[in-house]
Each structure stands twice: as C-alpha cells, then as structure tokens.
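A structural walkthrough
Read off the chains here:
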Amino acid sequence: MKRYVGFLTALSLFMLILTGCNNVNQNTEEYSNKYKVVATTTMIADLVNTIGGEHVEVQGLMGPGIDPHLYKASAGDVTKMQNANIIFYNGIHLEGKMGDLLEDLEKTNIKTVAVAKDIDISDLIQSEDFEGNYDPHIWFDVSLWMKAVETVKESLIELDNEHKDYYEENAKNYIERLKNLDQYVVNEIEKIPEESRILVTAHDAFSYFGRAYKFEVKGLQGISTASEAGTSNVKELADFIVEKKIPAIFIESSVPRKNIEALQEAVKARGFNVEIGGELFSDSLGEPNTEAGTYEGTIKHNIDTIVNSFIE
Ligand SMILES: [Zn+2]
C-alpha cells in the first residue's frame, strides 16, 4: 500500500513537472508567434482582434473619441508601424493626414492593407465636397463592413497561412453576427415612419447609413471635419429643421459639440425647439469595456439612441 501511494505521488509529481514545462513552452511560443498588427482606427482594431484572436497582437493608433480626419501620427506611432508585420487602415482618405506616411510604408516590406480596398467602386458614395473622391465612412452600412471582414481575413491568411482555418472560422462566425446586427438595425428603424427619418449630425459621416437604412442625412460639416462649418450651413440647416419639424439632432463623440449646440440655438431663435438626441459614435468606437466599446455595440448604441429620440 505504502509503495502504491509512493508510486502515485511520484507519478503526480512527474505529471506536474510535465504540465509545468508544457505551460512554459506554450507561453513562450504564444508570445513569439503572435503577429504584430497596427490598426489606425478603433473600428479596425476591433475587427482585426475579432478575426485574428489569439494569433495577433493589435495596437490601435487612435483611441476612442479621436477624429481620424485630423489625426497626425506621432513619432511613437511611426515606430509601432515600422515594427509591425502588417498595418490595417481604412483608406478612401479617411486618415487624411497620414496619406504620405502610409504611402512611404507601402514602399517598405511591411504589408499595408486598406480594409476598404475590395469594396466595389459602384458601392461607394461620391463625395460632394471633393470631386473624384469617395465617402470613407463605410462601416455604417453593416453589409459593406462585412466586405472589410473578408479583406482582413484574406490578409491574415496571406500573412499566416498556418492558421488559415482559425481565421476562416472566426470570420464566418463574425459575419453571422453582423447579419443579425444588420437585421436588428432594419427592425429598429421600422419603428420610425419613413417620412420622419431625417438624421442631422455634426459632420457627414452617416451617408452609407442613410442609403442602407432609408434615412435622409444632413451633416453640419462635410465628409471631412477638416472643413469648417460655415454660418451659412448653420442658417440653412436651422431653416430645414424648422420646416421639417425635426425632433432631435445629434452630437458625435469624435467632433466638438459646440457646432451642434450653435445649431440648436439657431433653431430656437426661429421659434422651434429641437432636442439634442444624444451622442452618436461616428468615427470612433466608445471606450473599451463599455456598451459601445465594440463595433457591434457602437452600431446598437447609435440605433437605440436615434430610435429613442424619434419615437418618444
Ligand atoms: Zn468622419
């Protein structure tokens, strides 16, 4: 009996050493095997994390509330990008001040991928502000964002073919979730009569949203926040809000709220009250670990905020 117990103890000790060693190996392996990914916006960082999972280490350059149109890369960002295996950015000039840097990096052996690159040009909305350019805010049409999912998946497979099945499985599951999300948006918007669906926000970020979900959209500033909101824009929009009796207008997390407040005042001066319907996340997601900390959460938050302001 004593010998038997002794044998068991020796066996468990041996197993313990085995698992112990195994863990150490796994950890080092995991650490060294992760691909270093840089993503410009929070939407893209969320997407790459979802598809890349345990095989990628994603560093996002822009945090929540940061405006990508105006963002300039810091020296630290440049180092991160130079050390990356792959860089994902939106493209279509969303990162307006990073164009030259991205172009320079493309000439090196670091892989750079615009997540919008596989979207058919006929699916893009022409910019009214800049002739020959297109609207970069593709993530607000969930079906267009699904194409970005495919692009990220393909790029990761090209980089790391060993984990092809893993990336494919993640992408497949995520596409299913996005289909449900798309349906959620459609169902929620049904609650607003079609003639009342007018969305006024701080800048023109919601054109794809408007096209996909049958909303007329008006932004106080243009497609890029780099162009200032002129007083004529404020007057025109204020008249429009009064004429259409629009109940609510919206601030955006990545744009200063003062312009929308000025618009609200201008409407008030015309004898009509328009509510500020809440904050929409336009060009960045919410803070991590909050409701709007993921792409799915942000889309839901925006829809719920809009619907609540219109049907109260
Ligand atoms: Zn924007």
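Residues numbered from 1 in each chain as written. Predicted model: local features only at pLDDT ≥ 70, side-chain atom pairs only at ≥ 80, totals over all residues. Heavy atoms only, no water.

Quick reminder of the rule: UniProt positions are given in the numbering used here, feature names are shortened, and annotations may be inferred rather than shown by experiment.
As recorded in an unreviewed UniProt entry, the protein chain goes by Zinc ABC transporter substrate-binding protein and comes from Tissierella simiarum. Entered under Subcellular location (unreviewed entry) in the UniProt record, the comment concerning the protein chain runs "Cell envelope".

1. Some thoughts on the overall build of the protein chain
In plain terms, the rule: Secondary structure elements are defined from DSSP: runs of H or I of at least 4 residues count as helices, runs of E of at least 2 residues count as strands, and each element is numbered from the N terminus. Three exposure classes are used, based on accessible area relative to the maximum for each residue type with a 1.4 Å probe and protein chains only: buried under 20%, partly exposed in between, and exposed over 50%. Only heavy atoms enter the contact rule, under which two residues are in contact if any of them lie within 4.5 Å. Reported accessibility uses the Shrake-Rupley method at a 1.4 Å probe radius. Residues are deemed covered only where the shown protein chains occlude them.
A tally of helices and strands in the protein chain yields 10 helices and eight strands. Sorting the 312 residues of the protein chain into buried and exposed places 47% on the buried side. In the protein chain, the proportion of contacts linking residues at least 24 apart, taken out of those at least 6 apart, comes to 68%. Accessible surface, the protein chain as shown: approximately 16,100 Å² in total, 50% of it carbon and sulfur.

2. Considering the nonpolar core
Inclusion rule: For the purposes of this section, nonpolar cores are sets of buried Ala, Val, Leu, Ile, Met, Phe, Trp, Tyr and Cys residues that join through side-chain atoms within 4.5 Å. The domain boundaries here were taken from an automatic or database domain assignment.
With 58 residues, the main nonpolar core has Phe88, Ile138, Trp145, Phe209 and Tyr295 as its most contacted residues. Mapping this core onto the domain boundaries places at least three of its residues in each of domain 1 (32–183) and domain 2 (187–311). Once you skip the residues sitting within four places of it in the chain, tyrosine 295 turns out to touch Asp46, Trp139, Val142, Trp145, Tyr174, Leu178, Leu181 and Leu285. Residues Val234, Phe240, Ile241 and Ile260 belong to the second largest nonpolar core, which totals 19 residues.

3. Description of the coordination of the zinc ion
Threshold: Note that water is not among the atoms used; donors are N, O and S atoms within 2.8 Å of the metal (3.2 Å for Na, K and Ca), so sites may look incomplete.
Taken together, His69 (NE2), His137 (NE2), His203 (NE2) and Asp283 (OD) make up the full set of protein donors to the zinc ion, lying 1.9 to 2.1 Å away. Site description for the zinc ion: donor spacing in sequence, H-x67-H-x65-H-x79-D. Residue histidine 203 is located in strand 5 (residues 198–203), and its partner aspartate 283 is located in the loop between strand 8 (275–280) and helix 10 (295–311); the two are separated by 80 residues in the primary sequence.

4. What about the pairing of strand 7 (residues 248–252)?
For clarity, the cut-off: Only strands joined by at least two bridges in the DSSP assignment are considered to pair. By the criterion used throughout, a crossover qualifies as right-handed when its path from the first strand across the helix to the second strand runs clockwise, the strands pointing away from the viewer.
Counted residue by residue, strand 7 has five buried out of five residues, so it is predominantly covered. Both faces of strand 7 are covered, namely the face carrying Ala248, Phe250 and Glu252 and the face carrying Ile249 and Ile251. Note that strand 7 and strand 8 share four bridges and pair parallel. The partner of isoleucine 249 across the bridge, within strand 8, is isoleucine 276. With helix 9 (residues 258–269) bridging strand 7 and the parallel strand 8, this β-α-β connection has right-handed handedness.

5. Brief notes about the packing of aromatic side chains
Note the threshold: Note on aromatic pairs: the rings of Phe, Tyr and Trp (six-membered ring only in Trp) are paired at centre separations within 6.5 Å, and the planes decide the class, stacked below 30 degrees, edge-to-face beyond 60, tilted for the rest. Lysine NZ or arginine CZ positioned within 6 Å of the ring centre and within 35 degrees of the ring normal marks a charge as sitting over the ring.
A complete count under the given rule lists 10 aromatic pairs for this structure. An aromatic cluster of three or more residues is present, and its members are Trp139, Phe140, Trp145, Phe206, Phe209, Tyr213, Phe215, Phe250, Tyr295 and Phe310. The positively charged end of lysine 218 is found above the aromatic ring belonging to phenylalanine 240, 4.7 Å away from the centroid. Geometry around tyrosine 184 places lysine 300 over its ring, the cationic atom sitting 5.4 Å from the centre.

6. Side note on the environment of threonine 201
Worth spelling out the cut-off: Any pair of N or O atoms that falls within 3.5 Å is considered a polar contact. Within protein, one atom must be able to donate a hydrogen and the other to accept it, and sequence-neighbouring residues count only if both atoms are side-chain atoms.
Structurally, threonine 201 is set in strand 5. Note on threonine 201: relative accessible area 2%, which makes it buried. Placed 16 residues apart in sequence, threonine 201 and valine 217 show a C-alpha to C-alpha distance of 7.9 Å. A polar atom in the side chain of threonine 201 sits 3.0 Å from the backbone oxygen of histidine 203. Within the structure, threonine 201 has its side chain in polar contact with the side chain of glutamate 252 (distance 3.3 Å).

7. Considerations on the pairing of strand 4 (residues 111–114)
With four bridges connecting them, strand 3 (residues 86–89) and strand 4 associate as parallel partners. Looking across to strand 4, one finds that isoleucine 87 is bridged to threonine 112. With respect to chirality, the unit in which strand 3 leads through helix 4 (residues 99–106) into the neighbouring parallel strand 4 is right-handed.

8. A short note on the pattern of salt bridges
This is how the line gets drawn: Within this document, salt bridges are pairs made up of a side-chain nitrogen of Lys or Arg and a carboxyl oxygen of Asp or Glu, the two lying within 4 Å of each other.
For the coordinates displayed, the defined rule picks out 12 salt bridges. The shortest N-O distance in the salt bridge between glutamate 168 and lysine 164 comes to 3.5 Å. Pair noted here: glutamate 168 and lysine 164 are both in helix 6 (residues 164–189), with a separation of four residues, about one helical turn. The class for glutamate 168 is partly exposed, based on a relative accessible area of 30%. Residues glutamate 261 and arginine 257 are paired through a salt bridge, measuring 2.8 Å at the closest nitrogen-oxygen approach. Relative accessible area serves as the criterion here: at 43%, arginine 257 is assigned to the partly exposed category. Each member of the salt-bridge network shares a partner with another, and the members are Glu150, Lys153 and Glu154.

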